[in-house]
Amino acid sequence: MIVFLHNDLDAIGCEMCIEEMPFKVSKIFYTNYGDFVEKCNQILEYAKTNNEKELLIADLSFAEHLEELKMLVNTFDSVLHIDHHSYPANFFQKVIGKGRYKCKIDSTKCASKICYELFNIENKQLKVLIDVIDVYDCWRTESKMFDKSQNLNKYFWERGWDNFKQFKNKIPDDYNTTITKILNREQEGIKKLRESNLVVRSKDNSQKITFVFNHEFFNPVMVEEMNQGQNFVVGIENGIVKFRIRKGVFDSCALDELRLLITGKVTGHPLAFTYVIGRDKMDVVREVQRIAKIIENHDILPF
């Protein structure tokens, strides 16, 4: 069996669930979406060379990659696709070879939680971990575990997959010291960003938009800004735009319409999407003006 995963916190939760199963996994491919098509081609080549017949996909959206999904389904005897992203209407009706393709799509929970439940896993330590991952990935700000989920994600990106997998049995010995180190670094970084005017609210702030011209400390700045009532936090650096929306403020229809206006797409996370613009300073200026104008003119209604 070949496994195809995203490369984030939810994906490692999926991998840890897969490890609980008697699957004979020969190779795992990871993508950050920037190399999505390339990784699909690598999977096709690996399957051909090694006569692999089964593919398990988890925490990956094919909403913008229907043709790649068709190629994978037509290559393997069995494809299991586990995901929690949104898809266009009638998307799955276009997938040929349905007898070989099975999907479990549920936008109400993270992909690793879907895996845990679908595979009927019984591992209390892993379940606790998956529940915290779900809080982070679904951005459940109402949860008492929200701050802990933020720290869990920080640890994952700081220490990597191999160290993180210790959570299956126990909390890693370096967890507390690592989190303290990260939080201290973040506070110093955020202070410098604000002093350098790299965290900017829209002119009159009537639409409650914050622009952050940095990605390294984007997440902690976003949490701070949303805790202070900002509805939109937009990170722009190196031609990549991270658009985040405060949970519980707008209904799903309004969010879909706004995402369509911003990116031209209606798929992905309802509260978070990323896209690419030019790297020139004027590209950044134009994008800031465009976003502000769209939100100002868009009749986006709260609940």
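A brief structural summary.

**Considerations on the sheet that holds strand S10 (residues 272-276)**
Ordered by their spatial adjacency, 5 strands build an open sheet running S6-S7-S8-S9-S10, and the pairing between neighbours is mixed. The two strands at the open ends of the sheet, each matched to only one other strand, are strand S6 (199-201) and S10. Strand-to-strand, the axes of this sheet are offset by a mean angle of 20°, without reference to chain direction. Note: S6 against strand S7 (residues 209-212), 3 bridges, orientation antiparallel. Each residue of the ladder has a partner; that of arginine 201, found in S7, is threonine 210. Sitting on the sheet, helix H9 (residues 252-263) touches strand S8 (232-237), strand S9 (240-245) and S10, and the angle it makes with S10 is about 10°.

**Let's talk about the packing of helix H2 (residues 36-50) against helix H3 (residues 66-75)**
Contact pair H2 / H3: the axes reach a minimum separation of 10 Å and the direction vectors enclose 10°. By the angle class used here, H2 and H3 are roughly parallel. Residues Val37, Cys40, Ile43, Leu44 and Ala47 of H2 form the contact with H3, whose own contacting residues are Glu68, Met71, Leu72 and Thr75. Tallied by class, the residues present in the contact of H2 with H3 amount to 7 nonpolar, 1 polar and 1 charged.

**Here we look at the sheet that holds strand S5 (residues 101-105)**
If you walk across this open sheet you meet the 5 strands as S2-S1-S3-S4-S5, and the pairing is parallel. The open sheet has two edge strands with one neighbour each: strand S2 (27-31) and S5. Adjacent strand axes in the sheet meet at a mean angle of 15° when their direction is disregarded. Two elements, strand S3 (residues 54-58) and strand S4 (residues 78-83), share 5 bridges in a ladder whose sense is parallel. Following the sheet pairing, leucine 56 is matched in S4 by leucine 80. Docked against the sheet, H3 engages S3, S4 and S5, running at close to 150° with respect to S3. Across the face of the sheet, helix H4 (residues 111-118) comes into contact with S3, S4 and S5 while running at roughly 125° to S4.

What counts and what doesn't
- Residues numbered from 1 in each chain as written.
- Predicted model: local features only at pLDDT ≥ 70, side-chain atom pairs only at ≥ 80, totals over all residues.
- Heavy atoms only, no water.
- Pairing = 2+ DSSP bridges.
- Helix = DSSP H or I, 4+ residues; strand = E, 2+ residues; numbered from the N terminus.
- Axes fitted to C-alpha atoms, helices over the stretch in contact; angles between N-to-C directions.
- Contact = heavy atoms within 4.5 Å.
- Parallel < 35°, antiparallel > 145°, perpendicular 65-115°, else oblique.
- Nonpolar A, V, L, I, M, F, W, Y, C, P; charged D, E, K, R; others polar.

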